[in-house]
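# Summary of structural features
One letter stands for each residue in the lines below.
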Amino acid sequence: MCLSQSGIRVSIVNIPKRIAPGSYFNLIFDVETSSTFKEKMTVSLKVPDTWEVLSKKEPETLIGQKKVKYIFSINTSEFSPPGTITSRILISTASGYRIEKPFQVQVLSVRKIIISPVLLPESAKEGDSLKVEYLVENRGNIKDNLKLEALGGKIDGKSEINGINPNESTKIFTKLLIPEGETNSFNYTFGIKAILKDSLKPITFTNSILVYSKKIKKTELYNRFPINVGFWSTMYFVNKKATYGVQADISGNGYLDKANRHLLNFFIHGPTNFNIPFLGSYDIYTLRYKYSKNKFMSSVQLGDFTLQLNQLMENGRFGRGANIETRYNKVGIYAFYTYPRFFNEQKTTFGGSLYFIPNPKLRLSIDYSSKYTQIRRFVWVNLVGLATNYRTERFNFESEITGSMYSKKYDFAALTKIGFNIRKLNYGGNFIYSGKEFYGYFRNSYLLSNSISANVSKKVSLGVNANIMRLNPSMDVINFSTSPFSTNFMGYAGYNINQNSSINLSYNWQKNEDRMEPKRFFYQQEYARLAYNLNGTRINIWYEGRFGKAKNLLTLDDPSIIRQNISNVIQPEVRIFPWAWAGVYLQHDRTSRFSAQNILTDYFYYGASLRLPVNNKLNAYFNYRSNYALDELTQTQSLLYTTVNLNLKKHTFQLLGGKTLIPGFNASMQNTLYFVLKYSYLLNAPISRVKNLGNIQGQISLTSAGLKKEGIVITLGDRKYVSDKDGKFYFKNLISDKYYIDIDKASVPQGVIANLRLPLEVDLKGDSTKQINLSLTKTGSIVGKVFFVNVDNDERKSKPSVLIKVSNDEETFYTKVNKDDEFSCKQVKPGKWLITASVIGGNQEDYSISDATQSIEVVEDNRIEVDFTIENYKRTIEFSPTTFNLTDKRENKKDFSATNSSYKKFNRPTLAVPKSKPNVKNVKQTKKTARNQNSKKKTNYRLIKN
């Protein structure tokens, strides 16, 4: 509050604490005096130069009042710098009293980057090379640094922009090669990905253009069914002795009709050469047929298949048998019979499910299974269960309850899974219980798992996990995994440094027990963990460090003895070539967890990797690991693994090799070296003849004198047809599809084009002939120049980019003004056009274009000259000893004045157009030009006779 000699006080009633740049707000304040107002009073504001006072509401009566209210509407600049801005209320009276009341508003920080292409072709052909110019604009209010990546191409030049200020723009270029497609035309999407400094989410700007094929896809006279025919050649070494085997590998999957109602799938892989399941050496024979129409679906499958009835009964049992499923509308039934192949404790199994799907989110089912299972002896076990599955975008719920019965013994199992996310909070919980006499997928098991995490900010997350797992799953031996008993509690904090790197801190308490006999580990440990991850364009790094203490519960000594527990793992990977990554693996553990004598022991593990993503046809991967900790060998682990993949259209080659450690297998089968060569050939077998082929018939017509219809080359992809003397052309035996007709420019005289936009899309239907007409006409041209006014020498070095738009009711095209301030548009069809000039970039508001849109008329074999004048606005600052004027940038806004010697006065300069335009030739004008000059509207174009 500021008090003058006359006792005037100012009280601010309403003002926002925070505002976004470019928004407006209302300032409401009261002005009061201890007695009454006896003279007139001038009230105004002193705000930043780029802000605008939109309106002012004053009291209707001042004299005689004790308290009056003022309301100002203020518009902030889109590029106001962030932070606290101090402005002032200025009050002056006729007798010379002055009062100044400061007020503050915090401007928020806004990051807004816009990337847009300057010019894009409407279409392109396969194999074309395009260079696309993009304009990068900072429409936020802070200075930003960008890292750019091209989507579908590469950056031509520097990929980083260091320091782009608000309301500034810069240009970048990308190069891209249009790929080949599977159809005669497709939309190709490409663009730019911008990564802001200290930002986790990249900004993606995409565009698409129509691409049409250089080659018409081969007219297929038959409907075909895809079949892959190949073989596997396997070699493995046990105790340095080699064993060989060869298997046929044949598969097919596709529809048998055009309506996609009859689906057939089959797989033949065999015979079994030797019993090493992890190599996929066992035989598989399966056949599946499915019919669907509208709300009805029915399928039948014979041979080998994986049974997944539900998670408590059967959840991945591989066997040989049959299954059938039928569904109408929302109700379906499923039945099966199978004989397990890789679980010797179970024989004949059959059952089914009746399910109801009231909507896409909810599924309800009643399930039944009966199996001949070994429980000290083979007995029949019957299981009946209910299952519910409900899923939405933010919430999912699964529940199952199943009862079992054998030899008059009853038990049950239950399962519940819940997950949801509410704003920044995420929760996931799993619960499984099965009784001692329950013989489904689990027996005598329980699992309790809960996790809660919260995204505190865009970079910080916090969470806690609690897991108690004691599961006894009845898995097939081909799953190659054991399930240790474990208890784990963890609290963690994660920090995303940027989009490519993160750091994680956690504190863990664990208790792990091996289920195999004899037990290889049984320990309890607690430790602090630090993890760092970096995924860069040239280097990837993974580091994990653990420091804590452990108890070895298998020790022959006192198991209460606590030992030190330290672990460090680092895994860097470097890009040595654009198509090659090389990495190493280093691990050191100092622990007593695996020592029967409870002695601290140092363990060292090392490895190396090589990735070769050469292209979409060839890639390879190699990985070596010296060994694994004992508690990592509860699942299959590879000491050596390599794969090479080569795809040559219909031919596919794959070479696999390695050494593998498999839990549960005897020592003679461990650490065996194997190689597998796979080959496959895609055979598209004909199943029926294609009907309904179509034709395209066309006619060349002329709208200008002196042109010929004969000898015009019409192209349809790689097909060409030369028009006859009557201007006719034909394309026959085409399948129903979209095609693009074009004219070979070399076959028409210079300055002659089609009256319609090419390439011309033709939507050809089957068993029909499409008639098209290609009309040719002579053209004119447009040339022009841009004159800059009030631009000094320094500014001319960074003149704005100017885009020229030429349009009529049917089509629009663009061109750019070159470095000499000139532009041209060749081969423009005769007729009336609108030509528009516009400034592009972040500084459009600093320039004004006189006659920015002009109407012109293009005449055959003539050239039109068009001029544009662009003025640079410059604000002048004058100091006045008596007045303070706030001038709104917008016209017709009221000014508010106050007496103060330090206040600024803003004046917009007048347009200074030179008396004669420089570098413009005196040209001879035709009669048509003279008629244009006699028209009432002034024009800036001239018609030149070629």
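As annotated in an unreviewed UniProt entry, the protein is Alpha-galactosidase NEW3 domain-containing protein from Emticicia aquatilis.

## Some points on empty space enclosed by the protein
This structure, assessed with the given rule, holds 1 cavity of 30 Å³ or more. Here the largest cavity is characterised by a volume of approximately 40 Å³. If you trace the largest cavity, you find it lined by N184, Y212, S213, I216, L716, G717, K738, Y739 and Y740. Of all the elements, strand β48 (residues 737–743) adds the most residues to the lining of the largest cavity, at 3 residues. Tallied by class, residues from the lining of the largest cavity come to 5 nonpolar, 3 polar and 1 charged.

## Quick notes on a positive patch on the surface
A grouping of R376, R377, K409 and R443 is seen on the molecular surface, where their side chains present a positively charged patch. Counting through the fold element by element, R443 comes out in the loop between β30 (425–434) and β31 (445–455).

## Points about the sheet that holds strand β51 (residues 769–778)
The 4 strands are arranged β47-β44-β51-β49 in an open sheet whose pairing can be described as mixed. Either end of the sheet is taken by a strand with one partner, and the two such strands are β47 (728–734) and β49 (752–754). Sheet twist, expressed as the average angle between the axes of neighbouring strands with direction ignored, equals 20°.

## Section: the side chain of S370
Secondary-structure assignment places S370 in strand β26 (residues 362–375). For S370, a relative accessible area of 3% gives the class buried. Reaching out from S370, the side chain makes a polar contact with the side chain of N382 at a distance of 2.9 Å.

## Some points on the sheet that holds strand β12 (residues 144–151)
Read from one edge to the other, the open sheet built from 5 strands follows the order β10-β17-β16-β12-β14, with strand pairing classed as mixed. Looking at strand neighbours, the two that pair on one side only are β10 (123–125) and β14 (160–164), the edges of this open sheet. Neighbour to neighbour, the strand axes of the sheet diverge by 35° on average, direction disregarded. As paired strands, β10 and strand β17 (residues 203–212) are joined by 3 bridges and run parallel to one another. Its bridge partner lying in β17, A124 is registered against V211.

## Here's the deal with the layout of surface pockets
The calculated volume of the second largest pocket comes to roughly 1,200 Å³. Forming the walls of the second largest pocket are 38 residues, and the residues nearest its centre are K745, I753, R757, L758 and Q827. Of all the elements in the fold, those that place two or more residues in the lining of the second largest pocket are β48, β49, β54 (812–816) and β55 (822–828).

## Some points on the pairing of strand β11 (residues 129–138)
Where burial is concerned, most of β11 is hidden: 8 out of the 10 residues are buried. Direction of pairing for strand β9 (residues 113–117) relative to β11: antiparallel, over a ladder of 5 bridges. When the bridges of β11 are listed, P117 appears paired with Y134. Of the pairings in the sheet, the one linking β11 to strand β15 (residues 169–177) comprises 9 bridges and is antiparallel in character. Looking at β15, one finds that E137 is bridged to S169.

## Brief notes about the environment of L505
Mapped onto the elements of the fold, L505 is located in strand β34 (residues 501–513). L505 sits 43 residues away from L462 along the chain, and the two C-alpha atoms are 9.7 Å apart. In this view, L505 contacts G491, Y492, A493, R529 and L530; residues no more than four positions away in its chain are not counted.

## Observations concerning unusual backbone geometry
Peptide bonds are mostly trans, and most non-glycine residues show a negative phi. With omega at 5°, the peptide bond leading from G270 into P271 counts as cis. For P271, the location among the structural elements is in the loop between β20 (262–270) and β21 (284–293). A cis amide bond, omega 0°, links L758 with the succeeding residue P759. For P759, the position within the fold is in the loop between β49 and β50 (760–764). Unlike most non-glycine residues, R423 shows phi in positive territory, near 55°. In this structure, R423 sits in the loop between β29 (409–422) and β30. Using a relative accessible area of 79% as the deciding quantity, one classes R423 as exposed. In this model, D767 sits at a positive phi of 60°, which is unusual for a non-glycine residue. Within the secondary structure layout, D767 lies in the loop between β50 and β51.

The rules behind each value
Residues numbered from 1 in each chain as written. Predicted model: local features only at pLDDT ≥ 70, side-chain atom pairs only at ≥ 80, totals over all residues. Heavy atoms only, no water. 1 Å grid on protein atoms, 1.4 Å probe; cavity = no way out; pocket = protein on both sides within 12 Å on 5 of 7 lines; lining within 4 Å. Points joined across faces, edges and corners; volume = space filled by probe spheres on them. Helix = DSSP H or I, 4+ residues; strand = E, 2+ residues; numbered from the N terminus. Nonpolar A, V, L, I, M, F, W, Y, C, P; charged D, E, K, R; others polar. Patch = residues over 30% accessible without salt bridge, like charges linked within 9 Å, V, L, I, M, F, W, Y side chains within 5 Å. Areas by Shrake-Rupley, 256 points an atom, 1.4 Å probe, with all protein chains shown as cover. Salt bridge = Lys/Arg side-chain N within 4 Å of Asp/Glu carboxyl O. Lys, Arg positive; Asp, Glu negative; His and termini not counted. Charge placed at Lys NZ, Arg CZ, Asp CG, Glu CD. Pairing = 2+ DSSP bridges. Axes fitted to C-alpha atoms, helices over the stretch in contact; angles between N-to-C directions. Buried < 20%, exposed > 50% of the residue type's maximum accessible area, 1.4 Å probe, protein only. Polar contact = N/O pair within 3.5 Å; in protein donor to acceptor, adjacent residues only side chain to side chain. Contact = heavy atoms within 4.5 Å.

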